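Architecture and fold: a report
Here's the letter readout for the chains.
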Amino acid sequence: MKYLGMDRMDRKVVVPGDLLSEDAKKSGDGTFIKDGKVYSLLYGLANYRDKINVIPLSGKYIPASGDNVIGIVKDITFSNWIVDISSPYDGLLHISEFPKRIESEEMSKYLRIGSSIMTKVKDVDPTMKVELTLNDKKLGPIKTGQVVEISHTRVPRLIGKGGSMISMLKKEVNCNIFVGQNGRIWINGAAGDTDLALKTILLIEREAHTNGLTDRIVEFLKKEKVARS
Amino acid sequence: MTSVISEIKKDFLYNLVLKGERADGRSFDQYREISIERDVIRKAEGSALVKLGLSQVLVGIKMQPGEPFPDSPNRGVIITNAELVPLASPMFEPGPPNEVGIELARLVDRGVRESKAVNLEALCVVPGKQVWIIFIDVHILDDCGNILDAASLGAIAALLTTKVPANKFGLGEDYMLPVRDIPIATTAIEFNDVLMLDPGIDEESIANTKLTVISSTDGSICGMQKSGTGTLKPEQIYRIVDIACEKAKEIREKFLEV
Amino acid sequence: MIAMDETDISFFKDGLRLDGRREDQLRPIKMEVGVLARADGSCYIEMGGNKVIAAVYGPREVHPRHLQDVTRAIVRYRYNMASFSVEERKRPGPDRRSYELSKVSREALEPVILTNYFPRSVIDVFVEVLQADAGTRTAGINAAAVALADAGIPMKSMISSCAAGKVADTIVLDPMKEEDNFGQADLPIAMTPNGDITLMQMDGRLSIDEFHKAVEMAMKGAQDIYQMQRKALVDKYSQLEGEPHREEVQACD
């Protein structure tokens, strides 16, 4: 059974330039205003709420201050680790943002090229210079577990309203999960549990744009756990 | 342009290998799904689009009469080129082929030439003056690993569909290019002492060494190339050659023998 | 090659063109969105005998760094023809024609791309002509616009491209190879669905009246192509959209 997006009253597939509303006040994410009317900027799903937001299917992760991200060290300079954060913009982790006081010569001892880190975006300036930090208990180098990459556009769905989806998932699979806004997700736990977590995350990614997902995931987890016991 | 692969991912792949597994669930000697579409470019004398997993390679054959090389006045000419166009990968840059692209073209050429798949003497029109020139042009469309094997497959598949355009040049009627052999390239990589065939893009980036074996229909080897900065023991090479020839036979029988 | 004289061909027979089309008819068009795995966005298009594939990478880091613009993304467009795409095998690599086509094609798309969203980055558009049959630049722009949308690049609108020509003193839409080679004028355009022109080129000779007629015809053609681009994009999303039936979730293993 297939629903075409266009049958819904509240959601519609749109392309750049599509007229969404004659009321400029309704302009939300992924839209622009011209001559008092609202148009889509993106190819994606237009969500009609108090404001009209267009949710893209694809697109690059653009870092914003406060985002949790998982990065991979790609270069080391005198006082910065240059970190790949799966974005057109690299993150800069300054030596002073490392939780321990270390010397410049020691930098590669702690984080070398290829190391993965759970980090946070401290600041983004208008030229898109991205500063990262590790100064927080929840952040640090990744030594165990798995990192999976999904499209960053699906992360809000994985987290859920007020974190509902991700808290439910963490509890049900009994794993540590760190969700990077850039689509990289760290999972740590017992072997069978991380497998289930991974499967569930990939399922959420595939069906992020559909209705009733939370209920289906709850059911899916129930069935999987029964099957495994 | 290079991209850094995380240690976590390397460890993940190594651990899978220790368990005898690959990330996409294949066995070590298993090829991804292959599809070959022939005659996709009508304007060319021959063509084939090869899909190997998600990798996509298009090969076109053009023919025209021309002058033979001075050292082989009675033989046709084969010129093989590969374009690793930037559309196919974030790692490809615009410009003339670099050493990787040139190596790929020369390997595809080696397979066709050394297997004597095309009878070059038969392509002589006027001895010493006019011969047929065959252009094998490899156009990479999507690099998801092992584009060499895909390109080599595409080249022979395209040659098998090639029609010599004699009529256009006033040299008689068009006829199918006679192809006497079906060379197939099979590539294996080595890492952590494990050998695996048909590397995907991640596997390629962590491999130390690559070995490509080109074999003929009768099972003999007509080309070989080791690349990468690692080393191989003779036993590993012999093993790869055995598996490669077997795989090549399977692929040949499934896709190219009419 | 046996030379052809334009007087040898009669371009119209019983009011129809050499391929059976009316004056104002487009050649058959087929579009497929998202055909490449590595690219951020892609589109394969067939327009008559043209087979063209467009891919978009970006926004991404600019190499070499000195090309960076601190205030916005730069847009690069590279039009390239495969050696086997034309009748006489073409030497690989860009020539003067492809540099010009790349420039005007980039300028056809750039006006609608919101480059200020992505300082210090580049949006790369690559167009490969796999088989050429007159109108490769218009096919390239049509595919590129779809590939940009597929890549999630924010744009004020789509861009659609179409050419008109003049053969045997008649204005025709979307000239095919023989009409292009032996015709009297060729006028490719690109525009937004609102009719804002972003590309216009002409070679040949047209009276002012003929020019008006050709522009009108090409714009109508572009409008029709826009509907096809829109449909190709919407259809692809609907395929992915399909809400699974309960049974499907249970079977997921």
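Attention in this report is confined to the structure presented alongside it. Counting restarts for each chain: residues are numbered from 1 in the order of the written sequence. To read the labels, note that chains go from A and ligands from 1, taken in the order they are written. Where totals are concerned, whole chains, interfaces and linings use all residues; where local detail is concerned, this predicted model gives features only for residues with pLDDT of at least 70, and gives and counts side-chain atom pairs only at 80 or more.

1. Quick notes on the overall build of chain B
Each helix is a run of H or I in the DSSP string that is no shorter than four residues. Each strand is a run of E no shorter than two, and both are numbered from the N terminus. Of the regular secondary structure elements, chain B holds 5 helices and 12 strands. On the principal axes, the C-alpha backbone points of chain B span a range of 65 × 40 × 35 Å. Taken over 258 residues, chain B has a buried fraction of 43%. The contacts in chain B between residues at least 6 apart in sequence include a share of 68% that link residues at least 24 apart. Counting other C-beta atoms within 10 Å of a residue's own tells you its class, since 20 or more makes it buried, 12 or fewer makes it exposed, and anything in between is partly exposed; those C-beta atoms are placed from the backbone. Contacts here follow a simple rule: the backbone-placed C-beta atoms of the two residues must lie within 7 Å.

2. A few points about the overall build of chain C
Secondary structure summary: chain C contains 5 helices and 12 strands in total. Relative to the compact-globule value of 18 Å for 253 residues, chain C shows a C-alpha radius of gyration of 20 Å, a close match. Once the C-alpha set of chain C is aligned to its principal axes, its extents read approximately 65 × 55 × 40 Å. Buried positions account for 50% of the 253 residues belonging to chain C. Counting contacts in chain C only where the partners sit at least 6 residues apart, residues at least 24 apart contribute 70% of the total. It is over C-alpha atoms that the radius of gyration is taken, and the globule rule equals 2.2 Å times the number of residues to the power 0.38.

3. Side note on the interface of chain B and chain C
Contacts between chain B and chain C engage 29 residues on the former and 24 residues on the latter. Secondary-structure elements contributing two or more residues to the side of chain B that touches chain C are strand S3 (55-66), strand S4 (77-83) and strand S6 (130-142) of chain B. Ranked by residues supplied to the side of chain B that touches chain C, first place goes to S6(B) with 5 residues. Asp, Glu, Lys and Arg are counted as charged, while Ala, Val, Leu, Ile, Met, Phe, Trp, Tyr, Cys and Pro are counted as nonpolar; the rest, among them Gly, fall into the polar class. Grouping the amino acids of the side of chain B that touches chain C by side-chain chemistry returns 15 nonpolar, 6 polar and 8 charged.

4. Notes on the environment of Val146(C)
All names here are of chain C. Its location among the elements puts Val146 in helix H2 (residues 136-150). Measuring from C-alpha to C-alpha, the distance between Val146 and Gly41 comes to 8.1 Å, with 105 residues separating the pair along the chain. With near-sequence residues (within four places) excluded, Val146 lies in contact with Met31, Val33, Cys43, Gln229, Ala232 and Leu233.

5. Some points on the environment of Val164(B)
Residue and element names in this part refer to chain B. Its location among the elements puts Val164 in strand S7 (residues 163-164). A sequence separation of 101 residues divides Val164 from Met63, and the C-alpha atoms of the two residues are 6.9 Å apart. Residues contacting Val164, with those up to four places away along its chain left out, are Met63, Trp132, Asp174, Tyr175 and Leu177.

6. As for the sheet that holds strand S9 (residues 184-191) of chain B
Residues and elements named next belong to chain B. Strand pairing follows a simple DSSP-based rule, namely that at least 2 bridges must link the two strands. Here we have 4 strands laid out as an open sheet, ordered S10-S9-S11-S12, and antiparallel in their pairing. Only two strands of the sheet have a single partner each, and these edge strands are strand S10 (194-197) and strand S12 (221-228). Here the strands of the sheet are splayed against their neighbours by 20° on average, with no regard to which way each runs. Under this scheme, a helix contributes an axis fitted over its contacting stretch, all axes are lines through C-alpha atoms, and angles between N-to-C directions fall in the 0 to 180 degree range.

7. Brief notes about unusual backbone geometry
A cis amide bond links Gly58(C) to the next residue, Pro59(C), at an omega of -5°. Inspection of the secondary structure puts Pro59(C) in strand S5 (residues 50-60). The phi dihedral of Asp198(B) is positive, around 50°, even though this residue is not glycine. Backbone geometry at Ala168(C) places phi at a positive 45°, although glycine is not the residue there.

8. Quick word on the nonpolar core
Any set of buried Ala, Val, Leu, Ile, Met, Phe, Trp, Tyr and Cys residues joined through C-beta atoms within 7 Å is what this text calls a nonpolar core. Ala151(B), Ala54(C) and Ala143(C) are the most contacted members of the largest nonpolar core, which totals 150 residues. At 11 residues, helix H3 (residues 147-160) of chain B tops the list of elements feeding residues into this core. Those residues within four positions of Ala151(B) in sequence are excluded, and the remaining contacts are Val57(B), Val59(B), Ala82(B), Leu104(B), Val108(B) and Val138(B). Val83(A), Ile117(A), Leu134(A) and Phe220(A) belong to the second largest nonpolar core, which has 39 residues in total.

9. Description of the sheet that holds strand S2 (residues 19-21) of chain A
Residue and element names in this part refer to chain A. Strand order in this open sheet of 3 strands is S2-S4-S3, and the pairing throughout is antiparallel. Only two strands of the sheet have a single partner each, and these edge strands are S2 and strand S3 (31-34). Taking the axes of each pair of neighbouring strands and ignoring which way they run, one obtains an average angle of 40° across the sheet. Here S2 runs beside strand S4 (residues 37-40); their pairing, made up of 2 bridges, is antiparallel. Considered in S4, the bridge of Ser21 is made with Val38.

10. Quick notes on the packing of helix H1 (residues 96-109) of chain C against H2(C)
All names here are of chain C. Following both chains from N to C, one finds H1 and H2 inclined at 45°, their axes separated by 10 Å at the closest point. Viewed along their axes, H1 and H2 adopt a mutual orientation that is oblique. H1 and H2 meet at a crossing whose hand is right-handed. From H1, Leu101, Ser105, Ala108 and Leu109 reach across to H2, where they touch Arg137, Gly140, Ile141, Ala144, Ala145 and Leu148. Class assignment for the residues of the contact of H1 with H2 results in 7 nonpolar, 2 polar and 1 charged. Between 65 and 115 degrees an angle is taken as roughly perpendicular, under 35 as roughly parallel, over 145 as roughly antiparallel, and anywhere else as oblique. Helix crossings are classified by the rotation of the near helix relative to the far one: an anticlockwise turn of less than a right angle makes the crossing left-handed, while a clockwise turn makes it right-handed.

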